[in-house]
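Structural description and commentary
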Amino acid sequence: MTKFELESDTKIYFGTGITEQALDAEKERFAGKTMIVTTGGSLITTGHLDRLKNILERIAGKGNILLYNTISRNPRLSEVKQAADIAGSENVKTIVGFGGGSALDAAKAVAAGAVGADLEKCLLEGVEPPKETLPIMAIPTTAGTGSELSRAAIISSPQHHLKAGIRGRYIVPKVAIVDPVYTWTVPVRTTMETGFDVLAHAIESYIAVKANLFSEMLSERAVRYVGESLRILLRDINHHEAREKMSYASMIMGWNLANVGTGLPHRLQYPIGAATDTSHAAGLIALYPSWIEQEYEVSEHKISEIFNWLELPTADTAGHAAESFREFLRKLGVFRTLSELGVRYDQVDTMTGEVSGNLSNDPLARKEGIVRIIYQNAVHEE
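For clarity, every value in this text was computed on a predicted model and none was experimentally measured.

Criteria and thresholds
Residues numbered from 1 in each chain as written. Predicted model: local features only at pLDDT ≥ 70, side-chain atom pairs only at ≥ 80, totals over all residues. Heavy atoms only, no water. Core = buried A, V, L, I, M, F, W, Y, C linked by side-chain atoms within 4.5 Å. Buried < 20%, exposed > 50% of the residue type's maximum accessible area, 1.4 Å probe, protein only. Helix = DSSP H or I, 4+ residues; strand = E, 2+ residues; numbered from the N terminus. Pairing = 2+ DSSP bridges. 1 Å grid on protein atoms, 1.4 Å probe; cavity = no way out; pocket = protein on both sides within 12 Å on 5 of 7 lines; lining within 4 Å. Points joined across faces, edges and corners; volume = space filled by probe spheres on them. Nonpolar A, V, L, I, M, F, W, Y, C, P; charged D, E, K, R; others polar. Expected span 1.5 Å × (residues − 1). Phe/Tyr/Trp six-rings, centres within 6.5 Å; stacked < 30°, edge-to-face > 60°. Lys NZ or Arg CZ within 6 Å of the ring centre and 35° of its normal. Axes fitted to C-alpha atoms, helices over the stretch in contact; angles between N-to-C directions. Left-handed = near helix turned anticlockwise from the far one by under 90°. Contact = heavy atoms within 4.5 Å. Patch = residues over 30% accessible without salt bridge, like charges linked within 9 Å, V, L, I, M, F, W, Y side chains within 5 Å. Areas by Shrake-Rupley, 256 points an atom, 1.4 Å probe, with all protein chains shown as cover. Salt bridge = Lys/Arg side-chain N within 4 Å of Asp/Glu carboxyl O.

**Thoughts on the nonpolar core**
The tendency in soluble globular proteins is for nonpolar side chains to be buried side by side. In this structure, Phe 196, Leu 199, Ile 203, Trp 291, Phe 325, Leu 338 and Tyr 375 are the most contacted members of the largest nonpolar core, which totals 68 residues. Top contributing element to this core by residue count: helix 7 (residues 188-207), with nine residues. If you look at the next biggest cluster of nonpolar residues, it comprises 30 residues, including Ile 95, Leu 119, Ala 153 and Ile 171.

Structure follows, in structure tokens:
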């Protein structure tokens, strides 16, 4: 039987409407100043941000809550450095990430930068954030990235033409409050796109070289929940049970991200995001049919299992698998090619050279020239 280890440094609160109760239970963490790191935007218009701020001010006192709410959808190094400088000068003791994956990732970087970590070196040279990194509380408002449990903060640096990860065990949130109520106001297209990110985590961690019996069990549950729930939410965006299942699937895939990792699509998306400033999920969606076609050749059994869990037609060739998955994405209303995202064919070589990190967790990585092949095919998908 496969050997593996299980590890999580995060205390999890899960349930609809549990935010205030969970924050009260963790009130000891707010003895000093706290900074909320968020993108603002819809969280302001829905009143979610004001409600969170009011709860924290009740617990910690008005003068102890700081707000940094100008994080971009692809959080930038300059933004997190600015927030970290403020947090450091104000002697902030706790960082609360509130929002989608962008806000949570930014919060992780801010927590490291606030104690003096060189964020540029962390991003460009792979230096791990220090043990002294401020404690992080993550409150996701979308069902997507699973960042509330993962060990990575994906940050962009237009100055360096780079989108990459700051990674390490000390930026894992100490507390995650996963309250599906925040997802109720997320519009259909965003729900489908962020939901696909959950599915991508499930598929890639299932196929991953590091996959084990426990992670595979979580992947299967997530694939089934996402396939079922996204179809329901297409018909009824206010279906609360489907929202809860999506939040749960996103959360457990955060565990898989931290312990198993992903495959080629996630590594290949970062240069796309850096070049086009499009969302993480949009880049993944554009890559997936091309990747599925290639992955089928080395992981046919697992791809077939995934298709079965998603209730997709059985594919008997790699080409059929790609077309079936492309049609699934079209039905969700999210499929766009790389060219539709703004990637030109003459950029393929540059992006291929920008792919970084360890690719070996994907069984397909052994194929010669595979990165370029996936990019080329994804530019002109029909």
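**A look at the pairing of strand 6 (residues 152-157)**
Most of strand 6 is tucked away: six of the six residues are buried. Side chains Ala 152, Ile 154 and Ser 156 of strand 6 all project onto a buried face; the interleaved residues Ala 153, Ile 155 and Ser 157 project onto the opposite face, where all are buried too. Summarising the sheet, strand 6 and strand 7 (residues 162-167) pair through six bridges and their orientation is antiparallel. Residue pairing in the sheet places Ser 156 in a bridge with Lys 163 of strand 7.

**Topic: empty space enclosed by the protein**
Per the counting criterion, the structure on display carries three cavities of 30 Å³ or more. Counted as a void, the largest cavity has a volume near 80 Å³. Looking at the largest cavity, the residues that line it are Glu 7, Ser 8, Asp 9, Thr 10, Leu 149, Arg 151, Val 172, Trp 255, Ala 258 and Asn 259. For the lining of the largest cavity, the residue count by class is four nonpolar, three polar and three charged. The calculated volume of the second largest cavity comes to roughly 60 Å³. Forming the boundary of the second largest cavity are Thr 142, Ala 143, Thr 183, Val 186, Thr 191, Thr 194, Gly 195, Arg 243 and Met 246. Elements that contribute at least two residues to the lining of the second largest cavity include exactly helix 7 and helix 9 (240-259). Residues of the lining of the second largest cavity, tallied by class, amount to three nonpolar, five polar and one charged.

**As for the layout of surface pockets**
As a volume, the second largest pocket reaches approximately 170 Å³. As for the second largest pocket, its lining consists of Gly 17, Thr 19, Glu 20, His 48, Arg 51, Leu 52, Ile 55, Asp 179, Val 181 and Tyr 182. In terms of residue count, helix 3 (residues 48-60) provides more of the lining of the second largest pocket than any other element does, four residues in total. Tallied by class, residues from the lining of the second largest pocket come to four nonpolar, three polar and three charged.

**Considering helix 5 (residues 101-113)**
Taking 1.5 Å per residue, 13 residues should reach 18 Å; helix 5 reaches 18 Å between its end C-alpha atoms and fits that length. Burial analysis of helix 5 places 13 of its 13 residues in the buried class, the great majority of the element.

**Some points on unusual backbone geometry**
Across the chain, the bulk of peptide bonds are trans and the bulk of non-glycine residues have phi less than zero. Residue Asp 277 is not a glycine yet carries a positive backbone phi of 55°. Structurally, Asp 277 can be placed in the loop between helix 10 (264-276) and helix 11 (280-295).

**Brief notes about the packing of aromatic side chains**
Counted under the stated rule, the structure contains 11 aromatic pairs. Relative to Tyr 182, the ring of Phe 98 lies with its centre 5.2 Å away and its plane at 80°, an arrangement referred to as edge-to-face. Taken together, the positions of Phe 98 in strand 4 (residues 92-99) and Tyr 182 in the loop between strand 8 (175-178) and helix 7 put the pair 84 residues apart, joining distant regions of the chain. Relative accessible area serves as the criterion here: at 0%, Phe 98 is assigned to the buried category. Taking the relative accessible area as the measure of exposure, Tyr 182 reaches 8% and is therefore buried. Just above the ring of Tyr 206 sits the side chain of Lys 302; from NZ or CZ to the centre is 4.6 Å.

**Observations regarding the packing of helix 7 against helix 11**
With their axes 9 Å apart at the nearest point, helix 7 and helix 11 run at an angle of 35° to one another. Considering only the axes of helix 7 and helix 11, their crossing is left-handed. Contact residues: helix 7 offers Glu 193, Thr 194, Phe 196, Asp 197, Ala 200, Ile 203, Glu 204 and Ile 207, while helix 11 offers His 280, Ala 281, Ala 282, Leu 284, Ile 285, Tyr 288, Trp 291 and Glu 295. Per-class residue counts for the contact of helix 7 with helix 11 are 10 nonpolar, two polar and four charged.

**As for a nonpolar patch on the surface**
A cluster of nonpolar residues, Phe 4, Leu 6 and Leu 213, forms a patch on the protein surface that exposes about 270 Å² of accessible area. Summarising the element assignment, Leu 213 is placed in helix 8 (residues 213-235). Exposure remark for Leu 213: the relative accessible area of 41% places this residue in the partly exposed category.

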